[in-house]
Amino acid sequence: MRLKDSFEGRKPHNFKKIINKAFNYSLNDRWQEFFSYFFVEFVNRFPEWFLKLFNEKKICPICKFETYSFIHLSNHREISWNSACQRCDSRSRHRGLFFLYKKYISNQSNRKILHFAPEIILSTLFKKNNNLYFTTDLHMKNVDYPKEDIQNLSFEDSTFDVVLCNHVLEHVKNDIKALEEISRVLKTNGIAIITIPGNWKSKQTIPQNPFINNGHYRHYGLDIESFMKKKFNVVRRVNMNTPQVKLHAIKKLEVAYICEK
């Protein structure tokens, strides 16, 4: 992932991309993904006039794009309906975080914020409203603090008021050490807003092979909360649903953790 200078939208895959992905799925006997992918790409090509007959209008709260269907995506677990915005490529969690961030950090320009692996769709909004907003990542180059390992940060203790960490912990070998580091660089009464992929009906985290799971070392369960509570004074699991969940196409169980030091 890298930080770009402008929004980059998403379109359905072209024919060459579809053939290449289908071949890779079949070559590795990943038949469930094979059929889900073909079905999703077929549905993604329904014309707007047809979608209008059956769907309610949807609006991306980040870039204000209006449509009757966002781009559907699939992986080895599920089909994610109305996932990616055609204009800014925001996903359900980004659209949920838009409202969560607005609640916790909007109109607070005096708070020092550190954002790990920043997505352009969110970082652009913060840069406009906060002079103390900083970005960091281990691999991304166009950030304020490059080459920062979340498992071993160079920042001094109690440096930031807010830490934003969106789908990062599943990509690191030692997520518990990463949580320790996030807590360490937070000021007293500071907050970390953390999102991670998981099954919030399952009690146990499931280890994964990162080489075949998009760099993910684990798929989280509710047991991660006990580890968070050892590093923070208050941990709250919140559902990022809004009253207008259908309008913004936010999943019914889109979870974020609010961790207060």
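All residue numbers refer to positions counted from 1 along the written sequence of the respective chain. Note on the predicted model: pLDDT of at least 70 is required for a residue's local features to be given, and 80 or more for side-chain atom pairs to be given and counted; whole-chain, interface and lining totals, by contrast, use all residues. Side-chain numbers here rest on the full set of heavy atoms in the structure, without hydrogens or water.

1. Digging into helix α5 (residues 120-129)
Using the following cut-off: A simple rule labels every residue: compare its accessible area, found with a 1.4 Å probe on the protein chains alone, to the largest value its type can have, and call it buried under 20%, exposed over 50%, or partly exposed in between. Working definition: helices are DSSP H or I runs of at least four residues, strands are E runs of at least two. Numbering for both runs from the N terminus. Only heavy atoms matter for contacts: two residues are in contact if any of them lie within 4.5 Å across the pair.
Buried residues of α5: Ile120, Ile121, Leu122, Ser123 and Phe126, and no others. Where α5 is buried, its residues touch α4 (92-105), β5 (113-116), β6 (133-137) and β8 (160-166).

2. Considering the packing of α4 against α5
Our working rule: An axis is simply a line fitted to the C-alpha atoms; with a helix, the fit covers only the stretch in contact. Between two such axes, the angle follows the N-to-C directions and lies from 0 to 180 degrees. In what follows, roughly perpendicular refers to angles from 65 to 115 degrees, roughly parallel to angles under 35, roughly antiparallel to angles over 145, and oblique to any angle outside these ranges. In this scheme the crossing of two helices becomes right-handed for a clockwise turn of the near helix relative to the far one and left-handed for an anticlockwise turn of less than a right angle. In this classification, the charged set is Asp, Glu, Lys and Arg, the nonpolar set is Ala, Val, Leu, Ile, Met, Phe, Trp, Tyr, Cys and Pro, and all remaining amino acids, among them Gly, are polar.
In the contact formed by α4 and α5, the axes pass within 11 Å of each other and the chain directions differ by 20°. It follows from the interaxial angle that α4 and α5 lie roughly parallel. For the crossing formed where α4 meets α5, the hand is right-handed. Across the interface between the two elements, His94, Leu97, Phe98, Tyr101 and Ile105 of α4 pack against Ile121, Leu122, Leu125 and Phe126 of α5. The residue makeup of the contact of α4 with α5, split by class, is 8 nonpolar, 1 polar and no charged.

3. Some details on the packing of aromatic side chains
As a reminder, the rule being used: Stacked, edge-to-face and tilted are the three classes for Phe, Tyr and Trp ring pairs, Trp counted by its six-membered ring, which pair at centre distances within 6.5 Å; planes under 30 degrees apart are stacked, over 60 edge-to-face, the rest tilted. Charge-over-ring placement is defined geometrically: NZ (Lys) or CZ (Arg) within 6 Å of the ring centre, and within 35 degrees of the ring normal.
By the definition in use, this model includes 15 aromatic pairs. For the pair Tyr37 and Phe38, a centre-to-centre distance of 6.5 Å together with 70° between the ring planes defines the contact as edge-to-face. Accessibility expressed as a relative area gives 35% for Phe38, which makes it partly exposed. Pairing Phe50 with Phe54 gives two aromatic rings, centres 5.1 Å apart and planes at 55°, and the pair type is tilted. Remark: Phe54 and Phe50 occur in helix α3 (residues 48-54); sequence separation between them is 4 residues, near one turn of the helix. Residue classification places Phe54 among the exposed residues on the basis of a relative accessible area of 60%. A network of ring pairs unites the aromatic residues Phe42, Phe46, Trp49, Phe50 and Phe54 as a single cluster. In this arrangement the basic side chain of Arg95 is found over the ring face of Phe70, its NZ or CZ atom lying 4.5 Å from the centre. Above the ring of Phe160, the side-chain terminus of Lys112 is found at 5.2 Å from the ring centroid.

4. Comments concerning the pairing of strand β13 (residues 255-260)
The line we're drawing: One requirement defines pairing of two strands: DSSP has to find at least two bridges between them.
Where burial is concerned, most of β13 is hidden: 5 out of the 6 residues are buried. Where strand β9 (residues 186-195) meets β13, 4 bridges bridge the pair, whose relative direction is antiparallel. Residue pairing for β13: Ala192 is matched across the bridge by Cys259.

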